[in-house]
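Examining the three-dimensional arrangement
Okay, here's what each chain looks like letter by letter:
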Amino acid sequence: MSEPTSATPAPKRVRVHHLREAKERGERITMLTAYDAPTAQIFDEAGTEVLLVGDSMGNALYGHATTLPVTVEDVLRHARAVVSATRRALVVADLPFGSYEASPAQAHAAGVRMLKEAGAHAVKLEGGRHVAEHVRLLTSTGIPVMGHLGFTPQSENTLGGKRVQGRGQDAAERLTEDALALQEAGAFAIVLEMVPAPLAAQVTEVLAVPTIGIGAGPDCDGQVLVWMDMAGLGVWSPRFAKKYADVGAVLSAAARAYNDEVRSGAFPTAEHSFTD
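Model, not experiment: these values are computed from the prediction.

Another aspect to go through is the packing of helix α8 (residues 169-185) against helix α9 (residues 197-206). Relative orientation and spacing of two packed helices are given, respectively, by the angle between their axes and the distance between those axes. Direction vectors running N to C along α8 and α9 enclose 30°, while the axes themselves pass 10 Å from each other. Of the possible angle classes, the one that applies to α8 and α9 is roughly parallel. Like other packed secondary-structure pairs, α8 and α9 cross with a definite hand, here right-handed. Here A172, L175, T176, A179 and L180 of α8 come into contact with α9, specifically with L199, Q202, V203 and V206. In the contact of α8 with α9, the residues fall into 7 nonpolar, 2 polar and no charged.

Residues spaced three or four apart along an α-helix point in a common direction, a consequence of the helix completing one turn every 3.6 residues. Taking 1.5 Å per residue, 18 residues should reach 26 Å; helix α11 (residues 247-264) reaches 26 Å between its end C-alpha atoms and fits that length. One or two steps after α11, the chain reaches G265, where phi turns positive at roughly 85°.

This part takes up the UniProt feature "active site" (unreviewed entry) in the chain. Mapped onto this numbering, the UniProt entry annotates "active site" (unreviewed entry) at E193. Along the chain, E193 falls in strand β6 (residues 189-193). Residue E193 is classed as buried on the basis of its relative accessible area of 10%. Those residues in contact with E193 that lie beyond four places of it in its chain are H148, L149, G150, F151, P153 and I214.

Topologically, Q169 is positioned in helix α8. Residue classification places Q169 among the exposed positions, given a relative accessible area of 61%. In this structure, the C-alpha to C-alpha distance between Q169 and A266, residues 97 residues apart in sequence, is 66 Å.

Another point: helix α5 (residues 104-118). Taking 1.5 Å as the rise per residue, α5 with 15 residues should run 21 Å; its terminal C-alpha atoms sit 21 Å apart, in good agreement. For α5, the elements touching its buried residues are α4 (72-85), β3 (90-94), β4 (122-124) and α6 (132-140). One or two residues past the end of α5 sits G119, with phi positive at roughly 80°.

Our next topic: the UniProt feature "binding site: 3-methyl-2-oxobutanoate" (unreviewed entry) in the chain. The UniProt entry lists D55, S56, D94 and K124 under the feature "binding site: 3-methyl-2-oxobutanoate" (unreviewed entry), expressed in the numbering used here. Across 70 residues in sequence, these annotated residues keep their C-alpha atoms within 12.3 Å of one another, forming a single compact spot. Topologically, D55 is positioned in the loop between β2 (50-53) and α3 (57-60). What D55 contacts, discounting residues up to four positions off in sequence, is T67, V70, D94, P96, E126 and Q154. The residue D94 is located in strand β3 in this model. Residues contacting D94, with those up to four places away along its chain left out, are L52, V53, G54, D55, V75, M114 and K124.

Under the counting rule described, the total for this entry stands at 14 salt bridges. For D221, the salt bridge goes to K23, with nearest N and O atoms at 2.7 Å. Here D221, found in the loop between β7 (211-214) and β8 (222-225), pairs with K23, found in helix α1 (residues 16-25); they are 198 residues apart in sequence, far enough to count as distant. K23 gets classed as buried once you look at its relative accessible area, which sits at 15%. Put simply, R129 and D178 hold a salt bridge, and the shortest N to O gap is 2.7 Å. With R129 in the loop between β4 and α6 and D178 in helix α8, this pair connects stretches of sequence that are 49 residues apart. One network of salt bridges, in which partners are shared, links E73, R80, R113 and E117.

We now examine unusual backbone geometry. Keep in mind that most residues, glycine aside, have a negative phi and that most peptide bonds are trans. Residue F267 is joined to P268 through a cis peptide bond whose omega torsion reads 5°. Within the element layout of this structure, P268 appears in the segment after α11. At M194, a residue that is not glycine, the phi angle is positive and equals roughly 50°.

What counts, and at which threshold
Residues numbered from 1 in each chain as written. Predicted model: local features only at pLDDT ≥ 70, side-chain atom pairs only at ≥ 80, totals over all residues. Heavy atoms only, no water. Axes fitted to C-alpha atoms, helices over the stretch in contact; angles between N-to-C directions. Helix = DSSP H or I, 4+ residues; strand = E, 2+ residues; numbered from the N terminus. Parallel < 35°, antiparallel > 145°, perpendicular 65-115°, else oblique. Left-handed = near helix turned anticlockwise from the far one by under 90°. Contact = heavy atoms within 4.5 Å. Nonpolar A, V, L, I, M, F, W, Y, C, P; charged D, E, K, R; others polar. Expected span 1.5 Å × (residues − 1). UniProt positions renumbered as here; feature names shortened; annotations may be inferred. Buried < 20%, exposed > 50% of the residue type's maximum accessible area, 1.4 Å probe, protein only. Salt bridge = Lys/Arg side-chain N within 4 Å of Asp/Glu carboxyl O.

Here is the structure:
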């Protein structure tokens, strides 16, 4: 990865206040997951504002059925790689299942590790009013927090699977109250996942902080996708994901061509060999 030269000044790092300013200007925020240095550098150079080192790595990278097996050490390892490759994007690290639910103090300890050991710029945790005090402690001690409402993957077993959340007046009111509680506690943005589009629009309207949608319609202040779903590399593509490329097909074709040339002796040639 090339170092910036004097002729190419380093771009200005996206910070949490920039996201709020973008909402105020009506500018959409882009966010993708990233788990390693090469893809993080590509997304950073493409101008993506936020990179999420998500516990979605459990499904996307490790082949687990859920995000639950992901550990703090897993997120730290991948977050270090992502941070090392970015010059502009705001890097947010997920707090995985079991690392924050017990108490605000537990959440704080996990958050400190993400910033100190991985260099992340913020953390994300799931839940509403019941984690407001966790958010308050984190933000009051210098750890920016992104909230996450709607379908919360760490609660998949309680929610009964991957189901849309916030349907019906009572559920919609609870979700709105949760969003306001997170904002009041200091969250700088809130992910809304698998929420009916009209409800997401309503929550976005009442909040001063930006909303980031994933399966929550077009009226959120920004959007996030797991990058494998966006690029056509995932084994499971949810309904709300749009495939912008077919990287899986390209990679498969490259592997087949490589195998054929090795077997036929066409690779390597003199061009790829040392003569002395």
